[in-house]
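# Overview (structure and organization)
Here is how the chains run, residue by residue.
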Amino acid sequence: MSPDYKSSLFVMIDKMQREKPGWLLEFIDTDEASRLTAIPKETLITMRSRGGGPPFTRPAGTRLVRYIRVHIFDWMLSGGVKLNTADGGLIPMPRLAPEFTPIGPTESDG
């Protein structure tokens, strides 16, 4: 993988966004998040309860869990891209979305 990987990734994302405006901002369920990340659904469920996974939302009064596609991409790329397994350096990736900030009460507000 070369440093050109970063530009080709953003070209691909830009192409999808042009073909289907709003694509990055769509809400997706856990099954789709699993397909997008290649992380088993059960692992995403565990990450939601223990922390460390991608940001998600749960609409008030429901048991539904949804992810926003752009947050999935940001989370997947948050550690940068390694050129190979022996490479200690990372190609940093710019964020696709603004910083995720939860709104409403938090556990520390208790």
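Right, let's walk through the structure included here. Just so we're clear, the structure is a prediction, and the values are computed from it rather than from any experiment.

### Overview of the packing of aromatic side chains
Per the stated rule, a full pass over the model turns up two aromatic pairs. For the ring pair tryptophan 23 and phenylalanine 73, a centre distance of 5.7 Å and an interplane angle of 45 degrees mean the geometry is tilted. With tryptophan 23 in the loop between helix 1 (4-19) and strand 1 (27-28) and phenylalanine 73 in helix 4 (residues 69-76), this pair connects stretches of sequence that are 50 residues apart. Sitting above the plane of the phenylalanine 56 ring, arginine 48 keeps its charged end 5.8 Å from the centroid.

### Thoughts on unusual backbone geometry
Positive phi, close to 60 degrees, is recorded for alanine 38, a residue that is not glycine. Tracing the sequence through the fold places alanine 38 in the loop between helix 2 (30-37) and helix 3 (41-50).

### Considering the environment of glycine 22
Residue placement: glycine 22 occurs in the loop between helix 1 and strand 1. The sequence separation of glycine 22 and arginine 69 amounts to 47 residues, and the corresponding C-alpha distance is 10.0 Å.

### Brief notes about the pattern of salt bridges
Within this structure, the stated rule accounts for seven salt bridges. Across the pair glutamate 26 and arginine 69 runs a salt bridge, and its minimum N-O distance is 2.7 Å. In this pair, glutamate 26 sits in the loop between helix 1 and strand 1 while arginine 69 sits in helix 4, placing the two residues 43 residues apart along the sequence. The buried category is assigned to arginine 69, whose relative accessible area is 7%. A salt bridge links arginine 69 to glutamate 32; the nearest nitrogen and oxygen atoms lie 3.9 Å apart. Placement of the pair is arginine 69 in helix 4 and glutamate 32 in helix 2, with a sequence separation of 37 residues. The network of salt bridges with common partners includes Lys20, Glu26, Glu32, Arg35 and Arg69.

### A word on helix 2
Among the residues making up helix 2, those that are buried are Thr30, Ala33, Ser34 and Thr37. Projected onto a plane normal to the axis of helix 2, the buried residues spread over an arc of 100 degrees and lie on a single side. Its buried side turned inward, helix 2 meets strand 1, helix 3, strand 2 (67-68) and helix 4. For helix 2, the capping residue at the N-terminal end is aspartate 29, with a side-chain oxygen 3.2 Å from the backbone nitrogen of aspartate 31. Just downstream of helix 2 lies alanine 38, where phi reads positive at about 60 degrees.

Conventions adopted
Residue positions are given per chain, counting from 1 as you read along its sequence in written order. In keeping with the predicted nature of the model, local features appear solely for residues at pLDDT of at least 70, side-chain atom pairs appear and are counted solely at 80 or more, and the whole-chain, interface and lining totals rest on all residues. Computation of side-chain values covers all heavy atoms of the structure but excludes hydrogens and water. Two aromatic rings, drawn from Phe, Tyr or Trp (for Trp, its six-membered ring), form a pair once their centres lie within 6.5 Å of each other, and the interplanar angle then sorts them: stacked below 30 degrees, edge-to-face above 60, tilted otherwise. Each helix corresponds to a stretch of at least 4 residues labelled H or I by DSSP, and each strand to a stretch of at least 2 residues labelled E; elements are numbered beginning at the N terminus. Two conditions define a charge located above a ring, namely a distance within 6 Å from the ring centre to NZ of Lys or CZ of Arg, and an angle within 35 degrees of the ring normal. Put simply, a salt bridge is a Lys or Arg side-chain nitrogen that is within 4 Å of an Asp or Glu carboxyl oxygen. Exposure is judged per residue with a 1.4 Å probe applied to protein chains only, and the accessible area is read against the type maximum: over 50% gives exposed, under 20% gives buried, and values in between give partly exposed. By construction, the arc corresponds to the directions joining the helix axis to the C-beta atoms. Contacts: residue pairs with any heavy atoms within 4.5 Å of one another. For this analysis, a polar contact is any N or O atom pair within 3.5 Å, provided that within protein one partner can donate a hydrogen and the other can accept it, and provided that sequence-adjacent residues contribute only side-chain to side-chain pairs.

These figures capture arrangement, not role.
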